[in-house]
Amino acid sequence: MRIKQPEISKAKAISYRVKDKSTCKVCGFEFNREQLHSGGGRLIAGKLTQELRRLYEVSKRYGKVYPLAYSILTCPQCLFSSFPTDFGLLPPDEVEKLKKATLDRRTSVEKIVGPVDFADDRNLVSGAASYLLAIDCYQMRGMGIAPTPKKAICALRGAWLFQDMAEEFPKYGFEKLSEFLYLKSVSWYIPTLEIMTNGREPHEQFINLLGPDTDNNWSFDGVIYINGYLTRKYLNQLAPTKEKKLEYLDRSKRYLGKLYGMGRASKSKPSVIIDMAKELYEELQKEIDTINGVPPTAPAAS
């Protein structure tokens, strides 16, 4: 399977190559990292979704631009992938594991999206694939770089891009992979909530990457909200029993209650995340009441 995207002329370039070369510690390959140009009408911000994803309007000059496609640094030769801050932080034992898994990385990603060349300019296909590769690589990384929150972010962004892939290429079944990545994301967001309190993985390694999108970092507030949102959305898949459902919902509701309470007491927190947290808190309570057989409250008479 080979999926092609339309090429963009140099006159309408949306990205550029940085002058300083990046060196892959896994295979030693040197390459120039690609970065998205800023300004020039390339990104026309649209609405913010319930998942805190920023949508962008199609530019008449540049077409569709996917800023998420440029976040992951991928070695074009061995496909080692990570956020740029982690690319050079590889102890010898991790290098060896990642080197042995090179063929597996390439084989697994090509089964999903077909041959993809990371020496070429990024597009939707290679951008989506980069998150699959990053997840695979973070599975082999140590706790010192905080792999759990990064896998959660990669899975959520990958779910978004494969959702876009399903719309662009409807016959390939990418919507199933998107749903799978959503589930993987919430499975890592749940322990990330615990990491936020117990510090088992260092906060400074992931605080600037929490997004969840690239336009605005909602930080720990975003983690709390996204965890609650995805828990509700995938409750049946996460929890097979009534007791487990209530456990997940109650935990998410408690975190959201703290977020909403702190937001009301602080002028520094953006109202949009506080309003969304309040609305989600109420939806989770309704879900709990439904599971417990509590009849819905009748609306107050006007």
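Residues numbered from 1 in each chain as written. Predicted model: local features only at pLDDT ≥ 70, side-chain atom pairs only at ≥ 80, totals over all residues. Heavy atoms only, no water.

Trainee: Looking at this structure, I do not really get the environment of Ser 22. What am I missing?
Mentor: Relative to the assigned elements, Ser 22 resides in strand β1 (residues 15-23). Residue classification places Ser 22 among the buried positions, given a relative accessible area of 15%. Considering only alpha carbons, one finds Ser 22 and Lys 99, 77 residues apart in sequence, at a separation of 17 Å. Ignoring any residue separated from it by four or fewer positions in sequence, one finds Ser 22 in contact with Phe 29, Glu 30, Phe 31, Arg 33 and Leu 73. (Helix = DSSP H or I, 4+ residues; strand = E, 2+ residues; numbered from the N terminus. Buried < 20%, exposed > 50% of the residue type's maximum accessible area, 1.4 Å probe, protein only. Contact = heavy atoms within 4.5 Å.)

Trainee: How do you make sense of the packing of helix α2 (residues 102-113) against helix α3 (residues 124-138) when you look at a structure like this?
Mentor: Each pair of packed helices gets described by two things: the angle between the helix axes and the distance between those axes. Direction vectors running N to C along α2 and α3 enclose 140°, while the axes themselves pass 10 Å from each other. Here α2 runs over α3; the crossing is right-handed. In this structure, α2 uses Arg 105, Val 109, Ile 112 and Val 113 to contact α3, whose residues at the interface are Val 125, Ala 129, Leu 132, Leu 133, Asp 136 and Cys 137. Considered class by class, the residues forming the contact of α2 with α3 number eight nonpolar, no polar and two charged. (Axes fitted to C-alpha atoms, helices over the stretch in contact; angles between N-to-C directions. Left-handed = near helix turned anticlockwise from the far one by under 90°. Nonpolar A, V, L, I, M, F, W, Y, C, P; charged D, E, K, R; others polar.)

Trainee: Sorry, what's going on with the side chain of Arg 251 here?
Mentor: The topology assignment puts Arg 251 in helix α8 (residues 242-265). With residues near it in sequence (within four places) discarded, Arg 251 still touches Ile 190 and Glu 194.

Trainee: Help me understand the packing of aromatic side chains in this model?
Mentor: The way to describe two aromatic rings as a pair is by their centre distance and the angle between their planes. Considering all chains together, one arrives at 10 aromatic pairs under this definition. Each ring, one from Tyr 172 and one from Phe 174, has its centre 5.8 Å from the other, and the planes form 25°; the classification is stacked. On the accessibility criterion, Tyr 172 (41% relative accessible area) is partly exposed. Overall, Phe 174 belongs to the buried group, its relative accessible area being 3%. (Phe/Tyr/Trp six-rings, centres within 6.5 Å; stacked < 30°, edge-to-face > 60°.)

Trainee: In this structure, what is going on with empty space enclosed by the protein? I would like to understand it.
Mentor: Remark: the empty space left among the atoms is shown by a probe the size of a water molecule rolled over them. As enumerated under the stated definition, the model contains one cavity of 30 Å³ or more in all. In this model, the largest cavity occupies a volume close to 110 Å³. Around the largest cavity, the lining is made up of 14 residues, and of these Arg 17, Arg 33, Glu 34, Leu 73 and Arg 122 lie nearest the centre. When contributions to the lining of the largest cavity are tallied by element, the ones reaching two or more residues are β2 (30-36) and β5 (73-74). By residue number, the principal contributor to the lining of the largest cavity is β2, which donates four residues. (1 Å grid on protein atoms, 1.4 Å probe; cavity = no way out; pocket = protein on both sides within 12 Å on 5 of 7 lines; lining within 4 Å. Points joined across faces, edges and corners; volume = space filled by probe spheres on them.)

Trainee: Would you take a moment to explain the environment of Gly 222 for this structure?
Mentor: Among the structural elements, Gly 222 can be located in helix α6 (residues 219-233). Residue Gly 222 is classed as buried on the basis of its relative accessible area, which comes to 3%. Taking C-alpha positions, Gly 222 is 9.5 Å from Ala 277, a pair spaced 55 residues apart along the chain.

Trainee: In this structure, what is going on with unusual backbone geometry? I would like to understand it.
Mentor: Most peptide bonds take the trans configuration, and most residues that are not glycine carry a negative phi. In this structure, Pro 212 follows Gly 211 across a cis peptide bond, with omega equal to 15°. Relative to the helices and strands, Pro 212 resides in the loop between α5 (174-198) and α6. Even without being glycine, Leu 79 reaches a positive phi, approximately 70°. Tracing the sequence through the fold places Leu 79 in the loop between β5 and β6 (81-82). At Ala 146, a residue that is not glycine, the phi angle is positive and equals roughly 55°. Its place among the elements puts Ala 146 in the loop between α3 and α4 (147-168).

Trainee: Looking at this model, I keep getting lost on α3. Mind explaining?
Mentor: Because each turn of an α-helix spans 3.6 residues, side chains separated by three or four positions in sequence point in the same direction. Across its 15 residues, α3 extends 21 Å between first and last C-alpha, which sits within 8% of the 21 Å expected from 1.5 Å per residue. Judged by how many residues are buried, α3 sits mostly within the fold: 14 of 15 residues are covered. You can read the cap of α3 off the contacts: a side-chain oxygen lies 3.0 Å from the backbone nitrogen of Val 125, and it is on Asn 123. (Expected span 1.5 Å × (residues − 1). Polar contact = N/O pair within 3.5 Å; in protein donor to acceptor, adjacent residues only side chain to side chain.)

Trainee: How should the nonpolar core be read in this particular structure?
Mentor: Where a protein is soluble and globular, its nonpolar side chains tend to be buried together. Ranked by size, the top nonpolar core spans 76 residues in total, and within it Val 113, Cys 154, Phe 162, Met 165, Tyr 189, Tyr 225 and Leu 230 carry the most contacts. Counting 14 residues, the second-largest nonpolar core is a separate cluster that includes Cys 78, Phe 80, Phe 87 and Ala 101. (Core = buried A, V, L, I, M, F, W, Y, C linked by side-chain atoms within 4.5 Å.)

Trainee: Honestly, the pattern of salt bridges in this entry has me stumped. Any pointers?
Mentor: Close approach of charged atoms allows side chains with opposite charge to pair. Within this structure, the stated rule accounts for 14 salt bridges. Salt-bridge contacts for Lys 233 lead to Glu 51; the nearest nitrogen and oxygen are separated by 3.3 Å. Within this pair, whereas Lys 233 is found in helix α6, its partner Glu 51 is found in the loop between β3 (44-48) and β4 (54-57), the two being separated by 182 residues in sequence. Under the relative-accessibility criterion, Lys 233 is labelled partly exposed at 35%. Classification of Glu 51 by relative accessible area gives buried; the value is 9%. (Salt bridge = Lys/Arg side-chain N within 4 Å of Asp/Glu carboxyl O.)

Trainee: Any chance you could explain the packing of α3 against α4 here in plain terms?
Mentor: Axis separation between α3 and α4 bottoms out at 9 Å; the angle between their running directions is 155°. The angle between the axes of α3 and α4 places the two elements in the roughly antiparallel class. The chirality of how α3 crosses α4 is left-handed. Between α3 and α4, the contacting residues are Leu 124, Val 125, Gly 127, Ala 128, Ala 129, Tyr 131, Leu 132, Ala 134, Ile 135 and Tyr 138 on the first element and Pro 147, Lys 150, Lys 151, Cys 154, Ala 155, Arg 157, Gly 158, Leu 161, Phe 162, Asp 164, Met 165 and Glu 168 on the second. Among the residues forming the contact of α3 with α4, the class breakdown is 15 nonpolar, two polar and five charged. (Parallel < 35°, antiparallel > 145°, perpendicular 65-115°, else oblique.)

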